[in-house]
Amino acid sequence: MNAVAQVCAGVAVLVHLLAFTWEVLLFERPGVHEGIFKIPSANLPATRLWSFNVGCYNLFLAAGPVLGLLLLHTGHAEAGRWLVLYCCGFMLLAGIALGVSDVLALSRPRGAGRGGALAQALPPLGALIAALF
């Protein structure tokens, strides 16, 4: 797996770790739930469980490419490569799903998830494309 693919996978990991931080550790701060997620403070109790669950999902998803990159550099290149590619494919599809939900305005004001969808989808897409070369 070339360096560009590895860097893109690393960026994808950082995006998911940032999402975990916002959704689990900092969610109750008004700048996070109101500013980033567009959730009014009055709705905080109703959305806390969702936020915690999605944050943990992002943390666990970030662990896949980390483990894959470790395997890649410790003598298990094929297993590491496939783990990174699988997780990046999963991240890309999740980013597409977030973008579709934004277009359909399933849960938030239209446009609220566009930046998140791009941030979630583009780094793993870069890793997948770079891995082809």
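Predicted, not measured: the structure shown is a model, and the values here were computed from it. (Residues numbered from 1 in each chain as written. Predicted model: local features only at pLDDT ≥ 70, side-chain atom pairs only at ≥ 80, totals over all residues. Heavy atoms only, no water.)

Caption draft 1: Representation of the nonpolar core within the structure. With 7 residues, the main nonpolar core is built from Cys8, Ala9, Leu69, Leu72, Val84, Cys88 and Ala127. At the level of secondary structure, the elements contributing two or more residues to this core comprise helix 1 (3-25), helix 3 (44-72) and helix 4 (77-103). For Val84, the residues in contact, after removing those within four places along its chain, are Met1, Ala9, Pro65, Gly68 and Leu69. Formed by 5 residues, the second largest nonpolar core is a distinct cluster that contains Phe27, Phe37, Ile39 and Leu44. (Core = buried A, V, L, I, M, F, W, Y, C linked by side-chain atoms within 4.5 Å. Buried < 20%, exposed > 50% of the residue type's maximum accessible area, 1.4 Å probe, protein only. Helix = DSSP H or I, 4+ residues; strand = E, 2+ residues; numbered from the N terminus. Contact = heavy atoms within 4.5 Å.)

Caption draft 2: Examining the packing of aromatic side chains more closely. Enumeration according to the criterion identifies 5 aromatic pairs in this entry. Consider the rings of Phe27 and Trp50, whose centres lie 6.0 Å apart with planes at 65°: the pair is edge-to-face. Of the two residues, Phe27 sits in the loop between helix 1 and helix 2 (30-33) while Trp50 sits in helix 3, which places them 23 residues apart along the sequence. What makes Trp50 partly exposed here is its relative accessible area of 38%. Ring plane angle 85° and centroid distance 6.1 Å describe the contact between Phe37 and Trp50, whose orientation is recorded as edge-to-face. Here Phe37, found in the loop between helix 2 and helix 3, pairs with Trp50, found in helix 3; they are 13 residues apart in sequence, far enough to count as distant. Put simply, the rings of Phe27, Phe37 and Trp50 touch in pairs and so form one group of aromatic residues. A cation over a ring is seen here: Arg81 above Trp82, with NZ or CZ 5.4 Å from the ring centre. (Phe/Tyr/Trp six-rings, centres within 6.5 Å; stacked < 30°, edge-to-face > 60°. Lys NZ or Arg CZ within 6 Å of the ring centre and 35° of its normal.)

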